[in-house]
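# A closer look at the structure
If you want the building blocks of each chain, they are given just below.
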Number of protein chains: 2
Amino acid sequence: MAIKKLVGQNLKRFREAAEMFQEVLAFECDLRRTYISGVERGIRNPTVVVLGRLAEPLGVEPWQLLAPEE
Amino acid sequence: MAIKKLVGQNLKRFREAAEMFQEVLAFECDLRRTYISGVERGIRNPTVVVLGRLAEPLGVEPWQLLAPEE
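Because the structure is predicted, anything quoted here is derived from the model rather than measured. (Residues numbered from 1 in each chain as written. Chains lettered and ligands numbered in written order. Predicted model: local features only at pLDDT ≥ 70, side-chain atom pairs only at ≥ 80, totals over all residues. Heavy atoms only, no water.)

This brings us to the relation of the copies chain A and chain B. Rotating chain A by 180° about the axis while translating it 0.0 Å along that axis superimposes it on chain B, leaving an RMSD of 0.0 Å. Taken together, these values place the two copies in the relation of a two-fold axis. Of every C-alpha in chain A, the one belonging to A:Thr47 sits nearest the axis of rotation, 1.9 Å from it. A shared interface surface links the copies, since 100% of the contact residues of chain A are contact residues in chain B too. (Least-squares fit on C-alpha atoms with pLDDT ≥ 70 in both. Contact = heavy atoms within 4.5 Å.)

Now the structure itself:
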């Protein structure tokens with residue numbers, strides 16, 4: 001699976017597991033909601049620093065956003 | 001540890017374990033050697049797509065470049 005798609009699926013899965021709206025995650029990360037949506041749709045190509053910012057409020061480790069679903 | 005530093009340490013560790021010079025990895029990934037050196041020094045902020053390109057010739061998974069050393 002393309003890595004951007006994998007990150008998007010993981011981000012959506014962890015965000016929904018945390019019962020967090022995109023708007024809230026965007027606020028927590030100081031990113032735009034449209035950017036979060038773009039990452040979840042596999043369109044955006046986030047840097048490792050952004051991965052760290054996305055992971056933190058979801059209570060997961062950055063590497064988990066890149067890991068294949070068990 | 002800052003995420004760029006973690007990625008840099010992991011990249012260097014996996015590259016050396018693969019007994020691969022920076023020049024060879026750069027060629028394999030179609031990146032400049034100076035860029036590889038910048039990532040290893042924790043200066044560069046690679047995207048997930050670049051992480052995928054760096055991981056592949058080293059025979060590791062992209063998420064491993066973000067994981068804390070065991």
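After that view of the structure, there is still more to cover.
This next bit is on the nonpolar core. Residues A:Leu54 and B:Leu54 are the most contacted members of the largest nonpolar core, which totals 42 residues. Only α1 (3–17), α2 (22–29), α3 (33–40) and α4 (48–58) of chain A together with α1 (3–17), α2 (22–29), α3 (33–40) and α4 (48–58) of chain B provide two or more residues apiece to this core. Setting aside residues no more than four positions away along its own chain, A:Leu54 makes contact with A:Leu11, A:Leu25, A:Cys29, A:Leu31, A:Ile36 and A:Leu65. (Core = buried A, V, L, I, M, F, W, Y, C linked by side-chain atoms within 4.5 Å. Buried < 20%, exposed > 50% of the residue type's maximum accessible area, 1.4 Å probe, protein only. Helix = DSSP H or I, 4+ residues; strand = E, 2+ residues; numbered from the N terminus.)

Treat this as a map of the structure, not an account of what it does.
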